[in-house]
Amino acid sequence: MKTYLVGGAVRDELLGLPVKDRDWVVTGATPEEMLLRGFKQVGADFPVFLHPDTREEYALARTERKQGRGYHGFTVYSAPDVPLEEDLKRRDLTINAMAKSVDGELIDPFGGRKDIQSRRLHHVSEAFAEDPLRILRTARFAARLQPMGFAVAESTMTLMKQMVDDGEIDDLVPERVWQEIQRALHENEPGTFFEVLRDCGALANIIPELGEDEAFAAAVRALRCVHDSHGETPARFAALMSPLSPTDARNRASRLKAPNDCQDLARLTTSLMPQIRAMSSFQPDALLRLLDEADVWRRVDRFSGLLLTLGCALPDTEHEKLGWLESAQRAAIGVEAKELMAQGFRGKELGQAIHRERLQRISTCHKTQ
Ligand code: ATP
């Protein structure tokens, strides 16, 4: 029985990135032997074993054959004599298909280390085409590693285009697509994920509404804008959807089976865009009405930068004119009902006092810009 560190941990170690999860592959063992050594079995379809002390995952070396269309048409099997190379061969990208033995030897049958050096995301073999999810995974690794200089290799891009043309991507279920989109929204350069999907033609299946150059550029701009200030998935998804019409955003979010909070914010965002556009000149009253309509007072904890999200999908020039909106919004949100209650305001008068104070702060904030 031999044990190897595989996949992401080996890749990240070579890249000098922190290693999050360590996955292991075991050759020369049966499930019974693993249980005898104290490992705990998890997963019914294909057994993975948890180490009794470290709780890290150990999988028996496996190989797989594809029998139908889409990512579910596989049969996976393992046996003590499945060699490590067979296990690595069924992986997506060469940088993910390396292993390290317990004594530190790198096992790299597909040139992963070379591709790390030349910053290439390259498929392991033509078997890449058997699982359309790999297109989304490749786009996601591009989004993660683009700041380190990585790009999708030309031959991999050609293969991905071919897969899209063959209609393989149509078989992906929305849950898997959403899972990858959701992860991509949290990578270093989410815009790159959608650029790769556009370049290979997959975006036309996944979010066709972003096919137009202008809408696409607005979505990428919006994603960049929210990146540093908005860590929540709903705000990032709303930024992505913000160039769409409210109807398109609602239909797309629902077809993607996005969670309710993402669907809600995307709907709200797109329905308020015309009002945001109208606000490139200073109008404290209109801003306050908009804030009321967006109900930012209740959403403040989760979506405090909503207007920024909305505003930054606009072309640069308009966006600059809207620079006052975000600080004005923050100033208005800072009004505390309890401070005004301490001054004796109650009931209807309290509501009016809050309104006055918010307007006052918005105006002051504009003057100090
Ligand atoms: P992350 O840092 O995102 O966790 P990871 O490489 O560990 O990256 P996982 O999704 O945990 O990603 O997958 C573990 C390994 O399994 C990958 O490195 C890759 O080798 C392989 N893998 C996962 N999904 C696929 C797939 N659909 N097709 C081929 N190989 C895959």
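Since we're looking at a predicted model, the values are computed, not measured. Note on numbering: residues in each chain are counted from 1, in written sequence order. Whole-chain, interface and lining totals are the exception, using all residues; otherwise, since this is a predicted model, local features are given only for residues with pLDDT of at least 70 and side-chain atom pairs are given and counted only at 80 or more.

## Looking at the overall build of the protein chain
(1) Moving on: The helix and strand tally for the protein chain stands at 20 helices and 11 strands.
(2) Moving on: Principal-axis analysis of the C-alpha atoms gives the protein chain an extent of 80 × 45 × 35 Å.
(3) Moving on: The exposure label follows from counting other C-beta atoms within 10 Å of a residue's C-beta, where the C-beta atoms are placed from the backbone and the thresholds are 20 or more for buried and 12 or fewer for exposed, leaving partly exposed in between. Expressed as a percentage of its 369 residues, the buried residues of the protein chain come to 38%.
(4) Moving on: Residue pairs qualify as contacts under a 7 Å threshold applied to their C-beta atoms, which are placed from the backbone. Across the protein chain, every contact between residues at least 6 apart in sequence was considered, and the portion connecting residues at least 24 apart equals 62%. Strands are runs of DSSP state E lasting at least two residues, helices are runs of H or I lasting at least four, and both sets are numbered from the N terminus onward.

## Focus on the domain arrangement of the protein chain
(1) Moving on: Domain borders in the structure are assigned automatically or taken from a domain database. Partitioning the protein chain into domains gives domain 1 (1-117) and domain 2 (336-362).
(2) Moving on: Placing a centre on the C-alpha atoms of domain 1 and another on those of domain 2 gives a separation of 61 Å.

## A look at the UniProt feature "binding site: Mg(2+)" (unreviewed entry) in the protein chain
(1) Moving on: UniProt positions are given in the numbering used here, feature names are shortened, and annotations may be inferred rather than shown by experiment. The sites that UniProt annotates as "binding site: Mg(2+)" (unreviewed entry) are Asp-21 and Asp-23.
(2) Moving on: You can see Asp-21 is positioned in the loop between α1 (8-15) and β2 (23-27).
(3) Moving on: A count of 10 C-beta atoms within 10 Å places Asp-21 in the exposed class.
(4) Moving on: Ignoring any residue separated from it by four or fewer positions in sequence, one finds Asp-21 in contact with Gly-8 and Ala-9.
(5) Moving on: Note on placement: Asp-23 falls in strand β2.
(6) Moving on: With sequence-adjacent residues up to four places away left out, Asp-23 is seen in contact with Val-6, Gly-7, Ala-9 and Glu-57.

## Comments concerning the site of the ligand
(1) Moving on: In this entry, near means the residue's backbone-placed C-beta atom lies within 6 Å of the molecule or strand. In the vicinity of the ligand there are 13 residues, among which Gly-7, Gly-8, Arg-91, Asp-92 and Asn-96 approach most closely.
(2) Moving on: With three residues, helix α5 (residues 133-145) is the largest single contributor of residues to the shell around the ligand.
(3) Moving on: Its residues assigned to classes, the shell around the ligand shows two nonpolar, three polar and eight charged. Residues are grouped as follows: Ala, Val, Leu, Ile, Met, Phe, Trp, Tyr, Cys and Pro are nonpolar; Asp, Glu, Lys and Arg are charged; all remaining types, including Gly, are polar.

## What to know about the sheet that holds strand β1 (residues 2-6)
The strands making up a sheet associate through backbone hydrogen bonding, with each pair oriented either parallel or antiparallel.
(1) Moving on: The pairing criterion is simple: DSSP has to find at least two bridges between the two strands. An order of β3-β4-β5-β2-β1-β8-β9 is seen for the seven strands of this open sheet, with the pairing classed as mixed. The outermost strands of the open sheet, each flanked by one partner alone, are β3 (40-42) and β9 (106-107).
(2) Moving on: When β2 meets strand β5 (residues 57-60), the two strands line up parallel, connected through four bridges. Looking at β5, one finds that Asp-23 is bridged to Glu-57.
(3) Moving on: Seen against the sheet, α1 touches β1, β2 and β8 (99-101) and runs at an angle of roughly 55 degrees to β1. Axis lines are fitted through C-alpha atoms, for helices just across the contact stretch, and the angle between N-to-C directions can take any value from 0 to 180 degrees.

## Section: helix α12 (residues 246-255)
(1) Moving on: Residues of α12 that are buried include every one of Ala-249, Arg-252 and Ala-253, and no others. Around the axis of α12, the buried residues are gathered within 100 degrees of arc, so they sit on the same side.
(2) Moving on: Considering only its buried residues, α12 is in contact with α11 (233-241) and α13 (260-277). The directions considered for the arc are those from the helix axis to the C-beta atoms.

## Regarding the packing of α5 against helix α7 (residues 174-184)
When two helices pack together, their arrangement is captured by the angle between the axes and the distance separating the axes.
(1) Moving on: The interhelical angle for the contact between α5 and α7, taken along N-to-C directions, is 5 degrees, at an axis separation of 10 Å. By the angle between their directions, the pair α5 and α7 is classed as roughly parallel. Every residue of α7 that contacts α5 at Leu-133, Leu-136, Arg-137, Ala-139, Arg-140 and Ala-143 is listed here: Arg-176, Val-177, Glu-180, Arg-183 and Ala-184.
(2) Moving on: Looking at side-chain class alone, the contact of α5 with α7 contains six nonpolar, no polar and five charged residues. Angle categories are assigned with fixed cut-offs, so that under 35 degrees is roughly parallel, over 145 is roughly antiparallel, 65 to 115 is roughly perpendicular, and the rest are oblique.

## Considering the environment of Asp-12
(1) Moving on: Residue position: Asp-12 is located in helix α1.
(2) Moving on: A residue is classified by how many C-beta atoms lie within 10 Å of it, and Asp-12, with 16 of them, is partly exposed.
(3) Moving on: Setting aside its immediate chain neighbours within four residues, Asp-12 contacts Leu-17, Pro-18 and Val-19.

## Description of the packing of helix α14 (residues 284-294) against helix α18 (residues 323-333)
(1) Moving on: Packing of α14 against α18 leaves a shortest axis separation of 11 Å and a crossing angle of 65 degrees. Overall, the two elements α14 and α18 adopt an arrangement that is roughly perpendicular. When you trace α14 past α18, the crossing you get is right-handed. Residues Leu-287, Leu-288 and Leu-291 of α14 lie in contact with α18, whose contacting residues are Leu-325, Ala-328, Gln-329 and Ala-332.
(2) Moving on: Counted by class, the contact of α14 with α18 contains six nonpolar, one polar and no charged residues. Here a crossing is called left-handed whenever its near helix is offset anticlockwise from the far helix by less than a right angle, and right-handed whenever the offset is clockwise.

## Concerning the pairing of β5
(1) Moving on: What you see with β5 is a clean split: Tyr-58 and Leu-60 sit on the buried side and Glu-57 and Ala-59 on the side with no burial.
(2) Moving on: With three bridges joining them, strand β4 (residues 48-50) and β5 adopt antiparallel strand pairing. Following the sheet pairing, Val-48 is matched in β5 by Ala-59.
(3) Moving on: The turn linking β4 back onto β5 is made up of six residues, and Arg-55 within it adopts a positive phi angle of 65 degrees.

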